[in-house]
Amino acid sequence: MQSPSADTLLSEARTATDALLSEWSATLAERFAGGDGPAIAYALASPGKRVRAALVLASYRAVGGDSPAIAGIAAAVETVHTYSLVHDDLPCMDDDDLRRGRATTHRAFDVPTATRVGYMLVPVAAMVLSRAARDLRLKSTSLGRMAETLFQAGGIEGMVGGQWMDLEAEQRVLDLSELTAVHRGKTGALIQSACVLGGLAGEATATQLAALSGFGEEIGLAFQVADDVLDVTGTSDELGKTAGRDEALQKSTFVRLMGVEGARREAARLAHRAIQHLDNAGIASPSLATLADYIVSRRS
Ligand code: GRG
């Protein structure tokens, strides 16, 4: 089976999720027009690559799902991701001015507004998830498992915990196992959850879910290793965010520990391991293989 290109998969994920996110943005902007509505819409409708959305779609199809309503699950994951970017850019975290090719939310508005926007996007994500589960006609137990998967990945055992460790570690050099633990949480957990959510929505078997989880875990870490490479090899124009930020903040990175070539090899090794999880479970998904390859070879 031939896979569509990564460009096609990402563009399809963007079309599907951006339509929903624009609808939510317009509703929220109107309902809270005199308050934070415009800032919520600015953040929520900002143009991301939608890698996590593409992983949801491909994982869902890999286990036989075929409803277009899966776009809502993808949009829920992207909403959690967007909240994390809004908060990550705040002065108390990575303090950045540029994101997705435009001013960060606290630069376009102000710090208190961006702080509130980030928090407000979390219940929005829950609503988007719940509506999508209804549209997919999933049982409430499936919605429960999906909510647990998404918010556990986004919480202290995943993304928040990883970010917290990352901030704590700013003044020292981490070794490989510490750095890996930070990024399995900070970046990897949400990417892993995207794959598992696709599987849950497609009513995958336990074996398939375990394989998607293993795939997501490896590719989630590979995403961050590739991100560290791009931070030193890309330009701000290409990345849509400030290049060289890790160096400026004296962060521990995979490039710092392994060099650019070593980090590239490590990302490729992780991508290979990711695919092995699928092979071992008999999941033939050219789309997931294409996305794994894209994640470690992308230019932005
Ligand atoms: C309360 C401690 C605490 C944390 C709050 C801010 C936060 C939660 C977590 C930070 C998570 C984070 C920003 C991880 C980085 C992940 C990453 C590499 C993002 C870039 O992803 P892309 O390239 O971005 O897919 P686009 O813009 O394309 O969506």
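Since the model is a prediction, treat every value here as computed from it, not as a measurement.

Trainee: I'm lost on the overall build of the protein chain in this one. Help?
Mentor: What the protein chain contains, in helices and strands, is 14 helices and two strands. For a compact globule of 300 residues, the expected C-alpha radius of gyration is about 19 Å, and the protein chain comes in at 18 Å, within 12% of that figure. Referenced to the eigenvectors of the C-alpha coordinate spread, the extents of the protein chain come out at roughly 50 × 45 × 30 Å. For the protein chain, the proportion of its 300 residues judged to be buried stands at 53%.

Trainee: Explain the packing of helix α1 (residues 6–31) against helix α14 (residues 286–297) here, please?
Mentor: In helix packing, the relevant descriptors are the interaxial angle and the interaxial distance, both defined with respect to the helix axes. Remark: α1 packs on α14, axes separated minimally by 9 Å, with the N-to-C direction vectors making an angle of 100°. Judged by the angle between their axes, α1 and α14 are roughly perpendicular. The segment α1 lies against α14, with A6, L9 and L10 engaging S287, T290, L291 and Y294. Residues that form the contact of α1 with α14 fall into these classes: five nonpolar, two polar and no charged.

Trainee: Would you explain the site of the ligand in this entry?
Mentor: Around the ligand lies a shell of 20 residues, among which K49, R52, H81, S84 and R100 are the nearest. Separating an oxygen atom of the ligand from a side-chain N or O atom of R52 is a distance of 2.7 Å. Surface burial for the ligand is 89%, taken as the share of its 760 Å² of free accessible area covered by protein chains. In terms of residue count, the dominant contributor to the shell around the ligand is helix α4 (residues 70–88) (six residues).

Trainee: Hey, could you run me through unusual backbone geometry in this one?
Mentor: Most peptide bonds take the trans configuration, and most residues that are not glycine carry a negative phi. Positive phi is not limited to glycine here, since R100 has a value of about 50°. Structurally, R100 is set in the loop between β1 (98–99) and β2 (102–103). At E203, a position not held by glycine, the phi torsion is positive, near 55°.

Trainee: I'm lost on the packing of helix α2 (residues 37–44) against helix α6 (residues 111–135) in this one. Help?
Mentor: Direction vectors running N to C along α2 and α6 enclose 70°, while the axes themselves pass 9 Å from each other. As the angle between them shows, α2 and α6 are arranged roughly perpendicular. As for how α2 packs across α6, the hand of that crossing is right-handed. Counted together, A39, I40, A43 and L44 of α2 and T113, V117, M120, L121 and V124 of α6 form the full contact between these two elements.

Trainee: Mind showing me how you'd approach the side chain of T17 here?
Mentor: Relative to the elements of secondary structure, T17 occurs in helix α1. Non-local contacts of T17, meaning those with residues more than four positions away in its chain, are made with R50, A53, A71, A74 and A75.

Trainee: Which parts of the structure should I look at to understand the nonpolar core?
Mentor: Soluble, globular proteins show a tendency: their nonpolar side chains are buried together. With 82 residues, the main nonpolar core has L55, I73, M146, F215 and I219 as its most contacted residues. Discounting residues that sit within four places of it in the chain, I219 has contacts with I191, A271, A274, A292 and I295.

Trainee: Looking at this model, I keep getting lost on the pattern of salt bridges. Mind explaining?
Mentor: Working definition: two side chains of opposite charge can pair if their charged atoms are close together. One pass over the full model with this rule turns up 20 salt bridges. A salt bridge links D166 to K186; the nearest nitrogen and oxygen atoms lie 2.7 Å apart. Separated by 20 residues along the polypeptide, D166 in helix α8 (residues 159–168) and K186 in helix α9 (residues 176–201) bring together distant segments of the chain. Like D166, the residue K186 is buried in the burial classification. A salt bridge links E217 to R184, with the nearest nitrogen and oxygen atoms 3.8 Å apart. Here E217 is found in helix α10 (residues 206–233), whereas its partner R184 is found in helix α9, with 33 residues between them in sequence. Classification of E217 by relative accessible area gives partly exposed; the value is 33%. Take R184: its relative accessible area is 29%, and that puts it in the partly exposed class.

Rules of the game
- Residues numbered from 1 in each chain as written.
- Predicted model: local features only at pLDDT ≥ 70, side-chain atom pairs only at ≥ 80, totals over all residues.
- Heavy atoms only, no water.
- Helix = DSSP H or I, 4+ residues; strand = E, 2+ residues; numbered from the N terminus.
- Rg over C-alpha atoms; globule rule 2.2 N^0.38 Å.
- Buried < 20%, exposed > 50% of the residue type's maximum accessible area, 1.4 Å probe, protein only.
- Axes fitted to C-alpha atoms, helices over the stretch in contact; angles between N-to-C directions.
- Parallel < 35°, antiparallel > 145°, perpendicular 65-115°, else oblique.
- Contact = heavy atoms within 4.5 Å.
- Nonpolar A, V, L, I, M, F, W, Y, C, P; charged D, E, K, R; others polar.
- Near = heavy atom within 4 Å.
- Polar contact = N/O pair within 3.5 Å; in protein donor to acceptor, adjacent residues only side chain to side chain.
- Areas by Shrake-Rupley, 256 points an atom, 1.4 Å probe, with all protein chains shown as cover.
- Left-handed = near helix turned anticlockwise from the far one by under 90°.
- Core = buried A, V, L, I, M, F, W, Y, C linked by side-chain atoms within 4.5 Å.
- Salt bridge = Lys/Arg side-chain N within 4 Å of Asp/Glu carboxyl O.

Remember that the coordinates give geometry; whether it matters functionally is a separate question.
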